[in-house]
Amino acid sequence: MWNVLWLNVHLATGDEALVTAGDGYGCIRNGAVGVHDGVICWIGAQADLPDVPENLATRIEDGRGGWLTPGLIDAHTHVVFAGDRSREFAERLNGASYEEIARKGGGILSTVAATRAASEQELLEASLKRVHTMIREGTTTLEVKSGYGLTLADEFKQLRVARAIGEQLPVRVHKTFLGAHAVPPEYQGRADAYVTFLVEEVLPVLHEEKLVDSVDAFCETIAFSPAQTEILFEAAQKLGLPVRIHAEQLSLGGGTVLAARYHGLSADHLEYADEQAVMSMARHGTVAMLLPGAFYFIREKQLPPVALLREHGVGIGLATDCNPGTSPVLGLTTVMNMGCTLFRLTPEESFRAVTSVGARALGLEQQVGMLRQGMRADMALWEVTGPHELSYWVGGLQPTRHIFEGI
């Protein structure tokens with residue numbers, strides 16, 4: 001028998017095989033979902049069940065006419081950090097730019113100092129509070145980046161905390177090494193030497209400890225050049241690790257083309273990406289991960305090239321980019337609304353951006369992101385009129401049930 005059978009639910013499956021021009025959600029009304037050993041073993045209309053429910057499953061769950069969706073996937077976060085940067089928010093409102101704040105020792109480096117000073121337990125406790133909120137808002141899969149340590153010991157500490165989050169909470173965690181987030185104070189003026197340090201002394205150790213699922217880099221004028229980033233990507237490739245990139249957020253610098261050439265899982269931000277960058281992503285299957293929280297928070301005016309992404313068939317993802325400096329956002333439904341209002345995505349696009357496309361951005365498309373037979377039964381049950389309502393509310397919307405592996 002199945003472990004669990006969900007009845008009396010409408011399904012927004014996100015299944016690409018069911019998505020049509022008239023139904024961007026892949027809906028099954030009056031549906032049912034059977035789960036065995038945490039995996040969806042049957043899905044369809046309740047009227048098509050092969051037997052009466054009591055003969056099929058040991059546990060019956062009544063969805064009370066709610067909408068069941070895949071659990072939401074937050075594929076870009078910096079949620080493991082210490083310290084506070086609310087003062088920088090006030091500085092920006094008084095006219096300072098993000099780049100000006102970064103160049104005078106604020107920005108990422110201020111969070112680096114706080115994160116280095118925190119003990120591993122303190123860092124874990126602070127991070128768990130944030131992730132609890134993310135889960136309450138419907139997130140079941142979470143990417144967590146390092147990049148606020150910038151030493152072997154502190155990057156190690158951040159990624160151990162990321163792993164502990166996945167051990168202590170039911171959320172699925174993808175761990176990303178972002179040592180190339182900023183040049184630390186001890187390497188100021190020696191960015192090349194710092195990249196060498198990352199490649200030779202940090203990444204191999206973290207990989208050996210199974211703390212890295214992918215490798216990221218901040219490729220920008222205030223961070224690392226494409227040439228420096230490529231050294232890191234080559235090292236990741238030799239270790240069999242996929243790459244992703246922060247690129248084209250502040251300027252057009254070529255990082256997106258570079259990441260696509262290395263078959264990057266995603267290129268993120270992309271406000272200044274051009275058609276060459278978009279075509280490179282399309283050619284290599286790289287997801288365009290848009291981050292409207294940061295766009296909104298730093299009052300950016302350059303819109304990412306959504307029309308070009310659509311034209312060339314590039315998958316569009318959305319994520320919170322949860323971080324203390326430019327995107328203090330924890331809820332993905334808020335991000336879905338921002339994606340629609342700021343970037344003019346459709347509600348259907350925003351739904352897929354945090355489900356099936358989000359899964360592709362983590363290399364997890366065979367496991368999560370859709371309600372389909374064979375997928376993990378990480379789901380969310382919503383008391384809404386339809387899946388379009390998920391991108392309607394500006395914050396505050398939470399599922400009535402958070403379902404991990406069917407329960």
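Residues numbered from 1 in each chain as written. Predicted model: local features only at pLDDT ≥ 70, side-chain atom pairs only at ≥ 80, totals over all residues. Heavy atoms only, no water.

Just so we agree on the cut-off: UniProt positions are given in the numbering used here, feature names are shortened, and annotations may be inferred rather than shown by experiment.
The name that an unreviewed UniProt entry assigns to the chain is Imidazolonepropionase, with the source organism given as Gluconobacter roseus NBRC 3990. Under the UniProt heading Pathway (unreviewed entry), the entry covering the chain gives this text: "Amino-acid degradation; L-histidine degradation into L-glutamate; N-formimidoyl-L-glutamate from L-histidine: step 3/3."

1. Structural notes on the overall build of the chain
Applied cut-off: Helical segments are the DSSP runs of H or I of at least four residues, strand segments are the runs of E of at least two, and each set is numbered from the N terminus. To get the radius of gyration, use the C-alpha atoms; to get the globule rule, take the number of residues to the power 0.38 and multiply by 2.2 Å. Per-residue accessibility, obtained with a 1.4 Å probe over protein chains only, is compared with the maximum for each type, and a residue is labelled buried under 20%, exposed over 50%, and partly exposed between these values. Contact definition: two residues touch when any of their heavy atoms are within 4.5 Å.
Helix and strand counts for the chain come out as 14 helices and 14 strands. For 407 residues, the compact-globule estimate of 2.2 N^0.38 gives 22 Å, and the chain sits close to it at 21 Å. In terms of overall dimensions, the chain has a C-alpha envelope of 70 × 45 × 40 Å along the principal axes. For the chain, with 407 residues in total, the buried portion stands at 59%. Within the chain, residue pairs in contact and separated by at least 24 positions form 72% of the contacts whose partners lie at least 6 positions apart.

2. Topic: the UniProt feature "binding site: N-formimidoyl-L-glutamate" (unreviewed entry) in the chain
The following threshold applies: Polar contact is the term for a pair of N or O atoms within 3.5 Å; when the atoms are in protein, one must be able to donate a hydrogen and the other to accept it, and sequence-neighboring residues count only if both atoms are side-chain atoms.
Annotation from UniProt places "binding site: N-formimidoyl-L-glutamate" (unreviewed entry) at Y148, N323 and G325. Of the residues just listed, which span 178 residues, no C-alpha pair is farther apart than 11.9 Å, and they cluster in one region. By the element assignment, Y148 lies in the loop between β6 (139-145) and α5 (152-168). When its relative accessible area of 2% is taken as the criterion, Y148 is described as buried. By secondary structure assignment, the location of N323 is in the loop between β12 (316-318) and α12 (332-343). The residues touching N323, leaving out its near neighbours within four places in the chain, are H78, F81, Y148 and P328. One polar contact links the side chain of N323 to the main-chain amide nitrogen of G325, over a distance of 2.9 Å.

3. What about the sheet that holds strand β5 (residues 72-74)?
Inclusion rule: We treat two strands as partners when DSSP finds at least two bridges between them. Fitted lines through C-alpha atoms give the axes, limited to the stretch in contact for helices. The angle between two N-to-C directions lies from 0 to 180 degrees.
The sheet built from eight strands is open, its strands ordered β5-β6-β7-β8-β9-β10-β11-β12 with parallel pairing. The open sheet is flanked by β5 and β12, the only strands paired with a single partner. Sheet twist, expressed as the mean angle between neighbouring strand axes with direction ignored, is 25°. Inspection of the sheet shows strand β10 (residues 266-269) paired to strand β11 (residues 287-290) by three bridges, in the parallel sense.

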